[in-house]
Amino acid sequence: MADVNVAPPAGPPDPPPPADLPVPAAIAGLQLAMPGAVLALSFFVGDWTVIVDRAAILDVARHLRTASGAAFDICSDVTATDWPPRPERFDVIYCLFSTTHRQRLRVKARVADGDPIDSVTSVWPAANWLEREVFDMFGIRFSGHPDLRRILMPDEWQGHPQRKDYPLEGPGELLLENPLDWLKLRQARDEADIE
């Protein structure tokens, strides 16, 4: 049997909306107000995603928060996904909800490793700790964040655990292939603590 090299996925497929599905007024209003900011639209499992230019994220956020046709007053989550083969390795994803229109919307911006993205804490203060978590887990920097520091890991922690290239054993951990070796090492440590 021949070895077959399979390339890792370059990112999620971001399926386009069906041709017969009307674009919601909030998204259409964003496209009219900010031409060029929306790079693509996606519709998956009943939810809309707007893929936007990283440089326009703060203006997009302000529009989605303040425009009467949008009124996305809640940022319920900020997260990221890591796609190492892609030049813009990370997707920073904002999950929004409009209590006025009872609509959900995902906003996604692609970010290259080392490039910052503007903080949306001035638009949604709740994004403060959410952006800190993304920084802590993925190493994505948010420009203009009021307190960008680790939130889950200790300050001296090396690396960012949610990156796909992060070592499974953690930084500086011993790589033990055999689980029995790990148990022996742990038992020896525990016995040393008793004495």
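Just so it is clear, the structure is predicted and the values come from calculations on it, not from any experiment. Every chain is numbered independently, its residues counted from 1 as its sequence is written. Given that the model is predicted, a residue must reach a pLDDT of at least 70 before its local features are reported, and side-chain atom pairs must reach 80 or more before they are shown or counted; all residues, however, enter totals for whole chains, interfaces and linings. Calculation of side-chain values draws on the structure's entire complement of heavy atoms; hydrogens and water are dropped beforehand.

Participant: Would you mind going over the overall build of the protein chain with me for this structure?
Facilitator: Strands here are runs of E lasting at least two residues and helices are runs of H or I lasting at least four, both read from the DSSP assignment and numbered beginning at the N terminus. Across its full length, the protein chain holds four helices and seven strands. Put simply, the protein chain runs from its N terminus to its C terminus through helices and strands in the order α-β-β-α-β-β-β-β-α-β-α. The contact criterion used is simple: two residues touch if any of their non-hydrogen atoms lie within 4.5 Å. In the protein chain, once contacts between residues fewer than 6 apart in sequence are set aside, the share between residues at least 24 apart is 53%. The accessible surface values rely on the Shrake-Rupley method and a 1.4 Å probe; as for residues, cover is taken only from the protein chains in view. Carbon together with sulfur atoms contributes 56% to the accessible area of the protein chain, which is approximately 11,800 Å² in total.

Participant: What should I look at first to understand the layout of surface pockets in this one?
Facilitator: To find leftover empty space, a probe the size of one water molecule is rolled over the atoms. Think of a 1 Å grid over just the protein atoms. A cavity is a set of points where a 1.4 Å probe fits yet cannot get out, a pocket is an open set with protein on both sides within 12 Å along at least five of seven lines, and lining residues have an atom within 4 Å of a point. Grid points are joined across faces, edges and corners, and a volume is the space filled by probe spheres set on the points. Its volume calculated, the second largest pocket comes out at about 150 Å³. Considering the residues around the second largest pocket, the lining is formed by 13 residues, among which P12, D14, T49, R106 and K108 are closest to the centre. Elements with a contribution of two residues or more to the lining of the second largest pocket: β1 (38–44), β4 (90–98) and β5 (103–111).

Participant: Explain empty space enclosed by the protein here, please?
Facilitator: All told, the structure shown has one cavity of 30 Å³ or more when counted by the stated rule. In this model, the largest cavity occupies a volume close to 40 Å³. Lining the largest cavity are I57, V60, A61, L64, Y94, L96, V107, V120 and W124. Elements represented by at least two residues in the lining of the largest cavity include exactly α2 (57–66) and β4.

Participant: Even after reading the chapter, I still don't get the packing of aromatic side chains, so can you show me in this structure?
Facilitator: Each aromatic ring pair is specified by the distance between its two centres and by the angle formed by the two planes. Only Phe, Tyr and Trp rings take part, Trp by its six-membered ring, and two of them pair if their centres are within 6.5 Å. Stacked means planes under 30 degrees apart, edge-to-face means over 60, and tilted covers everything else. Per the stated rule, a full pass over the model turns up two aromatic pairs. Where F90 meets F138, the ring centres are 6.2 Å apart and the plane angle is 80 degrees; that geometry is what we call edge-to-face. Taken together, the positions of F90 in strand β4 and F138 in helix α3 (residues 127–138) put the pair 48 residues apart, joining distant regions of the chain. Across the pair, exposure class does not vary: F90 and F138 are buried alike. Remark: exposure states derive from per-residue accessible area (1.4 Å probe, protein chains only) relative to the maximum for the residue type, with buried under 20%, exposed over 50%, and partly exposed in between.

Participant: Just checking my understanding: could you explain the side chain of D82 for this structure?
Facilitator: With respect to the secondary-structure elements, D82 resides in strand β3 (residues 74–82). Judged by its relative accessible area of 3%, D82 is buried. Any N or O atom pair separated by 3.5 Å or less is treated as a polar contact, with the protein-specific requirement of one donor-capable and one acceptor-capable atom, and with residues adjacent in sequence counted only for side-chain atom pairs. One polar contact links D82 to R89, side chain to side chain, over a distance of 2.6 Å. Within the structure, D82 has its side chain in polar contact with the backbone nitrogen of K164 (distance 2.7 Å). Excluding anything up to four places from it in sequence, D82 contacts R89, F90, F138, Q162, R163 and K164.

So yeah, pure geometry; function would need other evidence.
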